[in-house]
Amino acid sequence: MSGRDPDAISQGAITYQLRRLRLHGLIERLPNSFRYRVTDFGFRAALFFTRLYNRLLRPGLAAALPTLRAADGPLKRAFDTVNAQINASIKQAQLAT
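Report on the accompanying structure. (Residues numbered from 1 in each chain as written. Predicted model: local features only at pLDDT ≥ 70, side-chain atom pairs only at ≥ 80, totals over all residues. Heavy atoms only, no water.)

## Considerations on the side chain of T39
- Mapped onto the fold, T39 is located in the loop between β2 (36-38) and α2 (40-64).
- Polar contacts involving the side chain of T39 include one to the main-chain carbonyl oxygen of G25, which spans 2.6 Å. (Helix = DSSP H or I, 4+ residues; strand = E, 2+ residues; numbered from the N terminus. Polar contact = N/O pair within 3.5 Å; in protein donor to acceptor, adjacent residues only side chain to side chain.)

Shown next as structure tokens:
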């Protein structure tokens with residue numbers, strides 16, 4: 001839906017998105033109808049990206065973004081170390097110029 005109101009999406013935009021999903025093998029059109037079905041590949045891809053988001057991206061972003069108050073863990077400490085090193089390098093470069 002691209003974050004848009006369903007009423008604001010034109011018929012042409014829906015057709016375009018359905019065609020893209022079909023050509024990538026994520027959905028297939030049912031014969032003699034205007035309906036589509038998720039393929040096995042499409043289901044597995046959706047499951048993979050859902051798990052990727054839940055297990056890696058969401059916790060990683062919580063650790064990387066200080067405003068989200070992530071629980072103190074090894075990933076948060078690693079991000080804090082990288083951030084401190086970047087800040088130190090910037091400060092050293094400013095002193096050198």
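## Focus: a nonpolar patch on the surface
- Taken together, the side chains of Y53, L56, L57, L61 and L65 define a hydrophobic patch exposed on the protein surface, amounting to about 470 Å² of accessible area.
- Here L57 is to be found in helix α2. (Patch = residues over 30% accessible without salt bridge, like charges linked within 9 Å, V, L, I, M, F, W, Y side chains within 5 Å. Areas by Shrake-Rupley, 256 points an atom, 1.4 Å probe, with all protein chains shown as cover. Salt bridge = Lys/Arg side-chain N within 4 Å of Asp/Glu carboxyl O.)

## Remarks on the side chain of S33
- Following the sequence through the fold, S33 ends up in the loop between β1 (27-29) and β2.
- From its side chain, S33 meets the backbone oxygen of L30 in a polar contact 3.2 Å long.

## Points about unusual backbone geometry
- Phi is positive for N32, which is not a glycine, with a value near 60°.
- Judged by its relative accessible area of 83%, N32 is exposed. (Buried < 20%, exposed > 50% of the residue type's maximum accessible area, 1.4 Å probe, protein only.)

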